[in-house]
Amino acid sequence: MSPALTLDTLRNCLEGIVPAGLATCAPDGTPNVTYVSQLMYVDPEHVALSFQFFNKTRENILANPHATVLMMDPDTAARYRLSIRYLRTETAGPLFERMKATLAGIASHTGMAGVFRLRGADIYRVLAIEAVPGRQLPPPVARAPLLPALRRSVDALSRCRSLDQLIDTLAQCLERQFGIDYQMLLMADEAGHRLYIVASRGYASSGAGAEIPYGVGVIGVAAREQAPIRIIFPAAEYAYSRAIREQLEGGELAEQLEAAIPLPGLPDPSSQLAVPVLAGDRLMAVLYVESDQLCRFDYDMEDALVALCALLGPSMCALQSEALDDDGTPALPAQPPPDAAAPPLRVRYFDQDGSLFLDDTYLIKGVAGSILWTLLQDHQMLGRCEFSKREMRLDARLRLPEVCDNLDARLILLSRRLEDRQADLRIEKAGRGRIRLVLSRPVSLIAGSAQAA
Amino acid sequence: MTPPPVLTPALADFVTSHLSIHIAASDARGIATLVRGLGCRRDPADRDRLRLLVAGPQAEPVLRCLAANGRIAAVFSEPESHRTVQLKGRDAGPCAPDAADAAFLAPYTDRLVARLATLGTPEPFVRTLLACPVEDLRVIRFTPDEVFGQTPGPQAGQRLSAGSAVP
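Values in this document were obtained by computation on a predicted structure and should not be read as measured data. (Residues numbered from 1 in each chain as written. Chains lettered and ligands numbered in written order. Predicted model: local features only at pLDDT ≥ 70, side-chain atom pairs only at ≥ 80, totals over all residues. Heavy atoms only, no water.)

Colleague: What should I look at first to understand the environment of Ala-114 of chain B in this one?
Modeller: The topology assignment puts Ala-114 of chain B in helix H3 (residues 99-117). Between the alpha carbons of Ala-114 of chain B and Val-126 of chain B there is a distance of 9.5 Å; along the sequence they are 12 residues apart. (Helix = DSSP H or I, 4+ residues; strand = E, 2+ residues; numbered from the N terminus.)

What follows is the structure, encoded as structure tokens:
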């Protein structure tokens, strides 16, 4: 293998843009040749081929594992032969799910949706790569390099001193450094096996609080498998808004899912990439970016965002625990009292699911609902406006999960949701480790008993 | 009694209708290799035979295998419909291109360019992929003795009996 000719430098050929050919040989010496729906990069020494149908190729590689792939660069038309050796087939897990998602994109791109069904990801070791002689086109104009963009983003993220700032800085870096127009960050609710949007950019509404269950769409699969999922063609079955809708129509999840906050997102994205954000082996969040351009996110972009998220996860973790340190900053001068003459804001809360309504309009449910209700109760009964995160964390009324409570992320979600609703009620920072409830109208608290309609 | 020819008129019409072609051969160690085909036409001297055009430098490993054992597999795919067949033969061998082969290459490429353009494949890409200086042109001649339907789907890979419709 020539030192310059490695799979890492040829990943462009492994995007499924131009179909590759595969030659195998039967035990009696008869050659067989087919088109390969998908040839996928696994690592510098391995590729995966999609196994969809039982056919001669399948029979051959099980009997004689040596095969040759002829693949093409989709930009320059340069050709390469890969000598490969079949190792094993994976029928579940991250690699299988990545291939399944990619294949869905290729299938709909080639008019094969409904025909392609992935049975397995066949893993092959690459024994040799040969450049096939012949004419080539000049390589396309190089886009802005990703490493400087990554470095600037990493620098900016590592300077953040709060989760809130981290989330905003991430969005800004994706926009400015990577030119990404549509993005969302979803925090993981491990106990509930779902993700909730905490921030987004590019959409008409932020969707803060909207939920996606693990396993649904590109985002949900990335969460469940803890693996990046990337599709560079439109793939209807992975458009998560559609997937969610279908699941909701299925009924079973409808009761558990937050459907009242509409999901933002492109209706039919042409490219999608979801990257899990991990701290150790714990899923913190999923970063999702999408585009209306075909082939917008390539392997290198996936690498860059995976690297960025590798810093993001531990930073989220660290900033959430730091956020609990209360520096005892004295309370700022009291807020102007709410306008007593204004009609009170009716806050109705349902204990069963923590759902909370402002003037009969749905706001939020679950832990975030319980948090707001508790703060409002203390405000009403004790006249308090400021709360330390440390005391909140110990307050059983908040119903925080015992481990990984994500209190800070939930407070950010709550404050953004209140902002989206332009409610006469806000949550803002009040010094390190403290938050403040800001009301511009008096409130009247109503504990609902029956499930809200 | 000689079996009916595999290359029926319908099949011959299909495989010569400006399709995307890959050609494979295998060596004595059981390792198969492949090359892109640049064109296909019926051999005027023997209507049961096909002539496949390849670029010599690209096809070198394939030509070497064919010279040794004559066993060939060639897959023909119609880009718009994905209709695909694979032909196999045991008498394949390289032969020198004649003037008709050389004259045939350019129009064949033009047709495939036009076909792929409807699918959004840029013309320069297709022309580059199929580019071959006349002096590099080689011909592989063979008699198909087996045909398999290979249109994607659960039926892919099934042997087609002589005279059955192209899937």
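Colleague: Help me out: how do you make sense of the state of the cysteines in this one?
Modeller: In protein structure, a disulfide is the covalent linkage between the sulfur atoms of two cysteines. Considering all chains together, one arrives at zero disulfides over all chains under this definition. Just so you know, Cys-65 of chain B is unpaired, no disulfide at all, and the nearest cysteine sulfur is the one on Cys-25 of chain A, 9.0 Å from it. (Disulfide = S-S within 2.5 Å.)

Colleague: Just checking my understanding: could you explain the interface of chain B and chain A for this structure?
Modeller: Often, the extent of an interface is quoted as the loss of accessible area upon association of its parts. Taken together, the contact pairs 36 residues of chain B with 41 residues of chain A. Between chain B and chain A, roughly 3,000 Å² of surface is buried when both sides are summed, and carbon and sulfur atoms account for 64% of that area. Our enumeration of links across chain B and chain A arrives at one salt bridge. Note that Arg-71 of chain B is salt-bridged to Asp-28 of chain A, the shortest N-O span being 3.8 Å. In this structure, the connection of chain B to chain A is made through 16 residue pairs in polar contact (both at pLDDT 80 or more). Among the secondary structure elements, those contributing two or more residues to the side of chain B that touches chain A are strand S1 (20-26), strand S2 (32-37), helix H2 (56-69), strand S5 (72-77), strand S6 (84-89) and helix H4 (123-129) of chain B. With six residues, the top contributor of residues to the side of chain B that touches chain A is S1 of chain B. (Contact = heavy atoms within 4.5 Å. Buried area = accessible area lost by both parts, 1.4 Å probe. Salt bridge = Lys/Arg side-chain N within 4 Å of Asp/Glu carboxyl O. Polar contact = N/O pair within 3.5 Å; in protein donor to acceptor, adjacent residues only side chain to side chain.)

Colleague: Explanation requested: helix H5 (residues 217-225) of chain A in the structure shown.
Modeller: Residues that lie three or four places apart on an α-helix share one face, since the helix turns once every 3.6 residues. Residue and element names in this part refer to chain A. Most of H5 is tucked away, with eight of its nine residues classed as buried. Turning to H5, its buried residues are Gly-217, Val-218, Ile-219, Gly-220, Val-221, Ala-222, Ala-223 and Glu-225. Positive backbone phi, approximately 50°, marks Gln-226, located one or two places after H5. (Buried < 20%, exposed > 50% of the residue type's maximum accessible area, 1.4 Å probe, protein only.)

Colleague: Sorry if this is basic, but what is going on with the side chain of Asp-73 of chain A here?
Modeller: Looking at where Asp-73 of chain A falls in the secondary structure, it is placed in the loop between strand S5 (66-72) and strand S6 (79-90). One buried charged residue, Asp-73 of chain A, forms no salt bridge at all, with the nearest opposite charge on Arg-79 of chain A at 10 Å. Polar side-chain contacts of Asp-73 of chain A include one of 3.5 Å to the side chain of Asn-12 of chain A. From its side chain, Asp-73 of chain A meets the backbone nitrogen of Asp-75 of chain A in a polar contact 2.7 Å long. Here Asp-73 of chain A is in contact with Asn-12, Cys-13 and Ala-78 of chain A together with Phe-125 of chain B, once residues within four sequence places are set aside. (Lys, Arg positive; Asp, Glu negative; His and termini not counted.)

Colleague: Hey, could you run me through the sheet that holds strand S7 (residues 93-95) of chain B in this one?
Modeller: Each strand in a sheet pairs with its neighbour through backbone hydrogen bonds, running either in the same direction (parallel) or in the opposite one (antiparallel). Residues and elements named next belong to chain B. The four strands are arranged S3-S4-S8-S7 in an open sheet whose pairing can be described as antiparallel. The sheet terminates laterally at strand S3 (39-43) and S7, the two strands that pair on one side only. Across the sheet, the mean angle from the axis of one strand to that of its neighbour is 35°, orientation sign disregarded. Alignment of S7 against strand S8 (residues 137-142), held across three bridges, turns out to be antiparallel. Note on S8: the bridge partner recorded for Gly-93 is Arg-141. Lying on the sheet, H2 is in contact with strand S4 (46-55), S7 and S8; it crosses S4 at an angle near 135°. With respect to the sheet, H3 is in contact with S3, S4 and S8, its orientation differing from that of S3 by roughly 135°. (Pairing = 2+ DSSP bridges. Axes fitted to C-alpha atoms, helices over the stretch in contact; angles between N-to-C directions.)

Colleague: Looking at this model, I keep getting lost on the packing of helix H8 (residues 367-382) of chain A against helix H10 (residues 407-421) of chain A. Mind explaining?
Modeller: Residues and elements named next belong to chain A. Across the interface, H8 lies against H10 with an axial gap of 10 Å and an inter-helix angle of 75°. For the element pair H8 / H10, the angle class is roughly perpendicular. Together, Val-367, Ala-368, Ile-371 and Leu-372 of H8 and Leu-407, Arg-410, Leu-411, Leu-413, Leu-414 and Leu-418 of H10 make up the contact between the two elements. Here the contact of H8 with H10 is built from residues that sort into nine nonpolar, no polar and one charged. (Parallel < 35°, antiparallel > 145°, perpendicular 65-115°, else oblique. Nonpolar A, V, L, I, M, F, W, Y, C, P; charged D, E, K, R; others polar.)

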